Each structure stands twice: as C-alpha cells, then as structure tokens.
Amino acid sequence: MAEDGLASLPLVAGLFRQSSWGRQSPQDFTWFEILLPYENFDGLQSEGVADTMALENHSRELDIARSVAAQAGVVLLEYQQRGFTIREKGTSDLVSEADVSAEKLILDCLGEAFPDHVVLAEESRTELQGTSIPEHLWVVDPLDGTTNFAHGIPHFAVSIAYYRNGAAECGVVYNPARNDWYIVARGAGAWFQNERMQVGSQQTLTDCLVGLGFYYDRGTMMEATLATIHQLFQTGIHGIRRFGTAALDLAHVARGFYGAYFEYQLSPWDFAAGRLLVEEAGGRVTTASGEELGLCKGSVLASNGFLHPKMLEIIQQTAGQLFCSGASPQ
Ligand code: IPD
Ligand code: CA
Ligand code: CA
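Quantities reported herein were computed from a predicted structural model and do not represent experimental measurements.

## A look at the nonpolar core
- Ranked by internal contacts, the top residues of the largest apolar core, which has 94 residues, are Ile160, Leu250 and Leu277.
- When residues in this core are grouped by element, the largest group, 10 residues, is from helix 3 (residues 60–82).
- Mapped onto the domain boundaries, this core takes at least three residues apiece from domain 1 (11–196) and domain 2 (205–323).
- Not counting chain neighbours up to four residues away, the residues in contact with Ile160 comprise Ala65, Val68, Ala69, Ile106, Trp138, Val140, Gly171, Val172 and Ala273.

Printed below as a string of structure tokens:
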C-alpha cells in the first residue's frame, strides 16, 4: 500500500478489541484501555532535566538535546497514561498522536534555541535539499519504536542527534519508560546513565547475540533478512534479538549486549544518534555492504568491530542481491 494510503483513516487501539467488547464506534476506544498493565511507568521525569551527570556542560547543543529529549519523554509518557489515537502511514507503519506532539515540541525547542539550524525530523517529512549537507543539522526521531509504544511495550526512545558539516557531533537516545539515558559526544565517549560504555570484545559470532530489525517491507527485504538469520544460526550464535527500536538496538551494541546489529532499511533519524554511540564505544558502523554510512535512507550494520568482516560476508551471501545496482534499498 502506498505511503499515506490510510492517512485519512484514524485508528484507535481499542478497535482491536471491538468485537470482544461489543462497542460500536472506534471513537469509543482509547489506547489507555490496553495500556493499563504499563500505567505505572516509573520513568516520569521532571521537565527539562536529564537524570544523569554524564557529559553535562559538554556543549550547548548537547545540553539542549538532553533537555529537549527529557521534555519529549514527558509528552510520550503522558500519552501512554491518558491514551492516544493512531493511524497507519504505510503497511504496518504506525504513527500516533504522541509521535506528532513530541516532534512538535522538539522542533519548537530546537527552533527557539538554534534558529539558523536545519532539522531533519521523521514526522515532518523534512528532506535535505540537494546534495549539500547543512553546516548545522539536527536529526530527530521523536518516538523510535512506535509499534512497541502502540502495543504497550515500554521499549521505545526519543532520538536526537546533532551533526556539524555532515559529521555526528553529539546525541541522546532516551527511553522515558525506563528512564534510560544514552548520551554521546564525539571524542568524549558514549555513556549509559553515568557509566562510560564499551562495545563487547567477542572475536567470533559463536559467543554473541545478534540484534536486527525488519523494515516494514514484507517482500524481498524481509526474505533477505530471514535468510541472514538462518545463516547466522549456522554459525552457532547465542541468539537473535528483535526488540523493535533501532536507536536502542544500536545502544545495545554500544553497551556490549549485542556483538552486532543489522537492518536492511533504516532512515537517518533511526540511526543518527545510535551510530555515534557505537562509534564512541569503540565499535564500527557501516552500510550492510560495508560502505560509509551517510545520512541517507539505507541499510545499517553495527558491530564491536571484530565481527564486522564476518557479518559482511554473511550478509553478502544471503542478502547481496539487495545491494546490487538497481535493487539497492539505499
Ligand atoms: C522503526 C524502529 C524499528 C525498525 C524500523 C523503524 P519507528 O522506527 O526503529 O526497530 O525496525 O525499521 O522504522 O517507525 O518506530 O520510528
Ligand atoms: Ca524510527
Ligand atoms: Ca519514529
């Protein structure tokens, strides 16, 4: 189905329970009803404050990113508690009121703090003009993991990155439901709460968990991802994880939870902050064909560095056709 194909069809979560509860109108339902098990999130933050000292006062950009992420986190948690409407942007690609409100808050705050900076943000569908990258660029995903959020799973994040002249300078990935802060600045390390992160030291895939994501495609890309999973299991890995929030998946590589993580199609807002977390934690991030990762939509492979060559080899064998000219997802 084409993007925006269902744009005029607002869905409400409770709709999924319509038949069992015998209600007539989608408007009778709110997400609140299915989110009760998670009603008592303990992550509610005081507005405008990151609950960690890591990298405090490193730069104005990072301080603002932390403050804005904290405020956006409050918005997301409020929606979780009071309910929200949701619709599909494309097949299985959800967007909620919470995504839109959190993004508006972030754009307003960044616009006020840095009026001459450019912001690339998911829900505004902003696009970079031409081939030149702005000197000051913010890349924002107000709610990464919308599908988790929509189903009441407290594994989602606000992701904000600041790029100068095309290079990632600093960023935050914040899961407000768990009050988990991942903060990073180029040359100053990647931090989880107040601890500096270091990627894992596994030299072979045999000792690893591998994280991955599926794009919303249910065709070639999904089949290629499944083929890669199959091959990975042949190597004797400890397991595969698919948690549904790319920014947190990258944070998990930085923290050493995953030896590697890949996804065959991501947007810049999914990976802009997370890739710097991995790099500053000592890991490596490229496209799934081993090229430098730019700010385009495309594939991502992140690893502790040691596992990169083996991951590239497996991806080439199982999904190489995706990265040939004409069929490339990038
Ligand atoms: C999605 C999540 C998911 C990944 C998808 C992304 P969204 O972002 O990061 O883990 O597999 O490819 O689009 O839509 O929740 O912001
Ligand atoms: Ca995302
Ligand atoms: Ca998003």
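## Considerations on the site of ligand 1
- The environment of ligand 1 is formed by 14 residues, the closest being Asp144, Thr146, Gly213, Gly244 and Ala246.
- Residue assignment for the shell around ligand 1 shows that the elements contributing at least two residues are strand 5 (136–144), helix 5 (146–150) and strand 13 (260–266).
- Residue composition of the shell around ligand 1, by class: four nonpolar, six polar and four charged.
- The residues that make up the shell around ligand 1 include at least three from each of domain 1 (11–196) and domain 2 (205–323).

## Some details on the pairing of strand 9 (residues 189–192)
- Alignment of strand 8 (residues 180–185) against strand 9, held across four bridges, turns out to be antiparallel. Along strand 9, the bridge assignment pairs Ala185 with Gly189.
- Adjacent in sequence and paired antiparallel, strand 8 and strand 9 are bridged by three residues, among which Gly187 carries a positive phi angle near 85 degrees.
- The sheet contact formed by strand 9 and strand 10 (residues 195–196) spans two bridges and is antiparallel. Within the sheet, the bridge partner assigned to Phe192 lies in strand 10 and is Glu195.

## Regarding helix 8 (residues 268–280)
- With 13 residues, helix 8 ought to run about 18 Å at 1.5 Å a step, and its terminal C-alpha atoms sit 18 Å apart, in line with that.
- Considering bend angle alone, the principal kink of helix 8 is centred on Gly274 and spans about 25 degrees.
- Along helix 8, 13 of the 13 residues are buried, which leaves the element largely enclosed by surrounding structure.

## Here we look at the pairing of strand 7 (residues 167–175)
- Counting buried positions along strand 7 gives eight out of nine residues, so the element sits mostly inside the fold.
- In terms of strand pairing, strand 6 (residues 157–164) meets strand 7 through seven bridges, oriented antiparallel. Bridge pairing links Arg164 to Ala167 in strand 7.
- Where strand 6 folds back on strand 7, the antiparallel hairpin that results is connected by two residues, among which Asn165 adopts a positive phi of roughly 50 degrees.

## Overview of the packing of helix 3 against helix 4 (residues 97–113)
- At a minimum axis separation of 9 Å, helix 3 and helix 4 run at an interaxial angle of 155 degrees. Regarding the angle of helix 3 to helix 4, the classification is roughly antiparallel. As for how helix 3 packs across helix 4, the hand of that crossing is right-handed. Where helix 3 abuts helix 4, its residues Ile64, Val68, Gln71, Ala72, Val75, Leu76 and Tyr79 lie against Glu97, Ala98, Ser101, Ala102, Leu105, Ile106, Cys109, Leu110 and Ala113.

Definitions and cut-offs
- Residues numbered from 1 in each chain as written.
- Chains lettered and ligands numbered in written order.
- Predicted model: local features only at pLDDT ≥ 70, side-chain atom pairs only at ≥ 80, totals over all residues.
- Core = buried A, V, L, I, M, F, W, Y, C linked by C-beta atoms within 7 Å.
- Buried ≥ 20, exposed ≤ 12 C-beta atoms within 10 Å, placed from the backbone.
- Helix = DSSP H or I, 4+ residues; strand = E, 2+ residues; numbered from the N terminus.
- Domains from an automatic or database assignment.
- Contact = placed C-beta atoms within 7 Å.
- Near = placed C-beta within 6 Å.
- Nonpolar A, V, L, I, M, F, W, Y, C, P; charged D, E, K, R; others polar.
- Pairing = 2+ DSSP bridges.
- Expected span 1.5 Å × (residues − 1).
- Bend = angle between axes of the 7 residues up to and from the residue.
- Axes fitted to C-alpha atoms, helices over the stretch in contact; angles between N-to-C directions.
- Parallel < 35°, antiparallel > 145°, perpendicular 65-115°, else oblique.
- Left-handed = near helix turned anticlockwise from the far one by under 90°.

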